[in-house]
Amino acid sequence: MAVKETHAWWKEAVIYQIYPRSFADSNGDGIGDLQGITEHLPYLKKLGIDVIWLSPVYKSPNDDNGYDISDYRDIMDDFGTMEDFDRLLSRAHSLDIKIVMDLVVNHTSDEHAWFVESRSSKDNPYRDYYIWKEPKDGKEPNNWESCFSGSAWELDERTGMYYLHCFSKKQPDLNWENEKVRDEVFDMMTWWCEKGIDGFRMDVISMISKDPRFPDGPDKDGIFGSLEPYVCNGPHVHEYLQEMNQRVLSKYDLLTVGEAAGVTIEEAKKYANNEGTELNMVFQFEHVSTMHPSQCVVGKWTYQKPSMEDIRVILNKWQIELEGKAWNSLYWDNHDQPRAVSRFGNDSDEYRVLSAKMLATCLHMMKGTPYIYQGEEIGMTNTHFESIDDCRDIEAINAYHQYVEEHKSVPEDIMLRCFDEISRDNARTPMQWTSGSNGGFTTGTPWIGVNPNYRKINAEAALSDPDSVFYYYQKLIRLRHENPVIVYGVFHPLMEDSPSVYAYERILDDQVLTVACNWTARKQVCPLFPKEQLREELISNYSTHEEGFLLPYEALVTIRKQ
Ligand code: GLC
Ligand code: CA
């Protein structure tokens, strides 16, 4: 018998991620803002979500769209003022919607006052807030490649030393070994908690503790080496999070989720342990990065599709192995991933709606806290990049410069094909509200092109169609709120040999939830729902079910008593 799970509001909640730059522009400058979010709270209330995760809204020069913070206690000019934030928070709370902030503390912007001081001289009191190294043989201290291409080290002429930046050179890494850095971060977190926010999504939190030896990493492309083994899940990461937990998190009733690149099951059991000494849950990356290097053109760049079987093996493993030990988070996409329906489903006119609903069912019936990324609830799709001029994301732009222009190792059309498939900008095209100009996102010129399919795919159209993806998500959320088996039931995989059907059951006391999803455009055999068994249908994306089969992209969930 499974041990009875401790109940918690964050296990029962459904989270909606907002990427503020692309959500809703209230003043016509082409950039989404806080006021735009406040105006659309009733839409989110209608959807039924419990929590908003707000991607960074702090002061930032926007080298990486707010993930490069220059002041943690102020709001980005593009997004409004602290008054706008306070209004958003109190309006959301009045609707019973919580707000979780993005906490980006692996690095700051190079324009943050700490870094401006730090780089000014070797004996500045802020010098040790960042990671500085002397040149090695007149060059970079090691071969690490930044996650955004190029060396992870930047030479600062003023003192002749290099600083580490795992992301862009405008995102220097903080030195968490320095107690003062931890004090500053914890003070800042407390300041936000005192304001009444409801939690933190912690950006690349698995990377805050570096291997103090700073050794060369395994070769990636003959030029650079990988930093992952020496940066992800480093020697003191759990110690730091436990300290954070004791000094800040445990004092408030928060939702905490750590973005944990490179996290394994063993590590996740520590980060998200049931004793609650670190975080509530982590985002693992395995199911969104199933591509073998041979399927990639270079680095992460690919235009091939992942296989359901690979994804199933991974997700089932996470479901089974965290059972009773740690809590899962569930997601198909976010602001760093392509659109779920394009990547894992089928975004053709014929199957977009069906497959978006199928994917939602497959994920939302699993054990863990589900995350919906803005636009996913109306089945928004990937876009098309005609040239590099259409791209806004520093990751894609840097990769293009490195591989297409400098090394000339990837032809331009192949790189653009990869962008169409997996560039982060796919998720960052503006939210499609209406069929009007710019999809109702802005009355001005949007900072990134609107996906041309907004005339057909938009929130207004979804709200007026009872069969829309929107109302299907609304129902999934409602079902989770009403059925403890969806939150707390134990997961058991089914049909594990099927190349086309992803199926499982969830069991709580005498209730059995059966979930089956056809990931293909062909009818498939499925013996899980024999007529003679008395069962109630909870949700399906078809109005009728053919016994013994699943129709193209059919998803079916039933509940019965055992
Ligand atoms: C995380 C964010 C991503 C950002 C990076 C650096 O992965 O989700 O958007 O670019 O960290 O902060
Ligand atoms: Ca604006």
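Just above sits the structure.
What counts as what
Residues numbered from 1 in each chain as written. Chains lettered and ligands numbered in written order. Predicted model: local features only at pLDDT ≥ 70, side-chain atom pairs only at ≥ 80, totals over all residues. Heavy atoms only, no water. Helix = DSSP H or I, 4+ residues; strand = E, 2+ residues; numbered from the N terminus. Rg over C-alpha atoms; globule rule 2.2 N^0.38 Å. Buried < 20%, exposed > 50% of the residue type's maximum accessible area, 1.4 Å probe, protein only. Contact = heavy atoms within 4.5 Å. Areas by Shrake-Rupley, 256 points an atom, 1.4 Å probe, with all protein chains shown as cover. Lys, Arg positive; Asp, Glu negative; His and termini not counted. Charge placed at Lys NZ, Arg CZ, Asp CG, Glu CD. Near = heavy atom within 4 Å. Polar contact = N/O pair within 3.5 Å; in protein donor to acceptor, adjacent residues only side chain to side chain. Nonpolar A, V, L, I, M, F, W, Y, C, P; charged D, E, K, R; others polar. Expected span 1.5 Å × (residues − 1). Donors = N, O, S within 2.8 Å, 3.2 Å for Na, K, Ca; no water. Pairing = 2+ DSSP bridges. Axes fitted to C-alpha atoms, helices over the stretch in contact; angles between N-to-C directions. Phe/Tyr/Trp six-rings, centres within 6.5 Å; stacked < 30°, edge-to-face > 60°. Lys NZ or Arg CZ within 6 Å of the ring centre and 35° of its normal.

Colleague: Can you help me understand the overall build of the chain in this one?
Modeller: A count of helices and strands for the chain gives 18 helices and 20 strands. A compact globule built from 562 residues would reach a C-alpha radius of gyration of about 24 Å, and the chain, at 23 Å, matches this within 12%. Projected onto the principal axes, the alpha-carbon positions of the chain cover approximately 80 × 50 × 50 Å. For the chain, buried positions account for 62% of its 562 residues. Once local pairs closer than 6 in sequence are excluded, the contacts in the chain between residues at least 24 apart make up 71%. When the accessible surface of the chain is split by element, carbon and sulfur atoms take 48% of a total near 21400 Å². With 57 positive and 92 negative side-chain charges, the chain shows a separation of 3 Å between the mean positions of the two kinds.

Colleague: Explanation requested: the site of ligand 1 in the structure shown.
Modeller: Taken together, 14 residues sit near ligand 1, with Asp-64, Asp-203, Glu-259, His-335 and Asp-336 positioned nearest. Measuring from an oxygen atom of ligand 1, one finds a side-chain N or O atom of Asp-336 at 2.4 Å. Between Arg-424 and ligand 1, the recorded distance is 3.0 Å, taken from a side-chain N or O atom to an oxygen atom. The protein chains hide 96% of the 300 Å² of surface that ligand 1 would expose on its own. Residue classes in the shell around ligand 1 are distributed as four nonpolar, three polar and seven charged.

Colleague: I'm lost on helix H12 (residues 352-364) in this one. Help?
Modeller: Spacing of three or four residues puts side chains on the same side of an α-helix, whose turn is 3.6 residues. Taking 1.5 Å as the rise per residue, H12 with 13 residues should run 18 Å; its terminal C-alpha atoms sit 18 Å apart, in good agreement. Counting buried residues in H12 gives twelve out of 13 residues, a clear majority hidden from the surface. For H12, the complete set of buried residues consists of Arg-352, Leu-354, Ser-355, Ala-356, Lys-357, Met-358, Leu-359, Ala-360, Thr-361, Cys-362, Leu-363 and His-364.

Colleague: What is the right way to look at the side chain of Ser-498 in this model?
Modeller: Its place among the elements puts Ser-498 in the loop between strand S14 (490-494) and strand S15 (501-508). At 3.1 Å, the side chain of Ser-498 and the backbone nitrogen of Ser-500 are in polar contact. Setting aside chain neighbours within four positions, we find Ser-498 in contact with Met-308, Glu-309 and Arg-312.

Colleague: What's the story with helix H14 (residues 412-422) in this structure? I'm lost.
Modeller: Across the eleven residues that make up H14, a large majority, eight, are buried. Buried within H14 are the following residues: Ile-414, Met-415, Leu-416, Cys-418, Phe-419, Asp-420, Glu-421 and Ile-422.

Colleague: Explain the coordination of the calcium ion (ligand 2) here, please?
Modeller: Think of it this way: four donors in a tetrahedron around the metal ideally sit 109.5 degrees apart, and six in an octahedron ideally sit 90 or 180 degrees apart. For the calcium ion (ligand 2), every protein donor is listed as Asp-25 (OD), Asn-27 (OD1), Asp-29 (OD), Ile-31 (O) and Asp-33 (OD), and the spread of their distances is 2.2 to 2.4 Å. Counting residues between consecutive donors of the calcium ion (ligand 2) along the chain gives the motif D-x1-N-x1-D-x1-I-x1-D.

Colleague: Where do I start with the environment of Leu-249 in this structure?
Modeller: Checked against the element boundaries, Leu-249 lands in the loop between helix H8 (237-247) and strand S10 (255-259). Accessibility expressed as a relative area gives 6% for Leu-249, which makes it buried. Spatially, the C-alpha atoms of Leu-249 and Gly-199 are 8.5 Å apart, while their sequence positions differ by 50 residues. Contact partners of Leu-249, with chain neighbours within four places excluded, come to Met-189, Phe-200, Met-202, Met-244, Leu-254, Thr-256, Glu-278 and Leu-279.

Colleague: Would you explain the sheet that holds S14 in this entry?
Modeller: In any sheet, the strands associate via hydrogen bonds between backbone groups, in a parallel or an antiparallel arrangement. The sheet built from five strands is open, its strands ordered S14-S15-S16-S20-S18 with antiparallel pairing. In the strand order of this sheet, the two ends are held by S14 and strand S18 (536-540), each with one partner. Each neighbouring strand pair of the sheet contributes to a mean axis angle of 20 degrees, computed without reference to strand direction. As defined by bridge partners, S15 adjoins strand S16 (residues 511-518) across eight bridges and the pair is classed as antiparallel. Opposite Ala-503, over in S16, you have Ala-516 as the bridge partner. Across the face of the sheet, H12 comes into contact with S15, S16 and strand S20 (555-561) while running at roughly 145 degrees to S16.

Colleague: Please explain unusual backbone geometry as it appears in this structure.
Modeller: One can expect most non-glycine residues to show negative phi and most peptide bonds to be in trans. Backbone geometry places Lys-408, a non-glycine residue, at a positive phi of 55 degrees. On the secondary structure map, Lys-408 appears in the loop between helix H13 (394-406) and H14. The phi dihedral of Met-495 falls on the positive side, at around 45 degrees, and the residue is not glycine. The residue Met-495 is located in the loop between S14 and S15 in this model.

Colleague: Would you mind going over the packing of aromatic side chains with me for this structure?
Modeller: For any two aromatic rings, the description comes down to two numbers: the centre-to-centre distance and the angle of the planes. Enumeration over the complete set of coordinates arrives at 36 aromatic pairs. The interplanar angle of 70 degrees and the centroid separation of 6.3 Å between the aromatic rings of Tyr-16 and Phe-23 together place this pair among those described as edge-to-face. In terms of burial, Tyr-16 and Phe-23 fall into one category: buried. Measuring from centroid to centroid gives 4.9 Å for Phe-115 and Tyr-163, while their planes differ by 70 degrees, and the two rings are edge-to-face. Of this pair, Phe-115 sits in helix H5 (residues 113-118) while Tyr-163 sits in strand S8 (residues 161-164), placing them 48 residues apart in sequence. Overall, Tyr-163 belongs to the buried group, its relative accessible area being 2%. A cation over a ring is seen here: Arg-21 above Trp-447, with NZ or CZ 5.3 Å from the ring centre.

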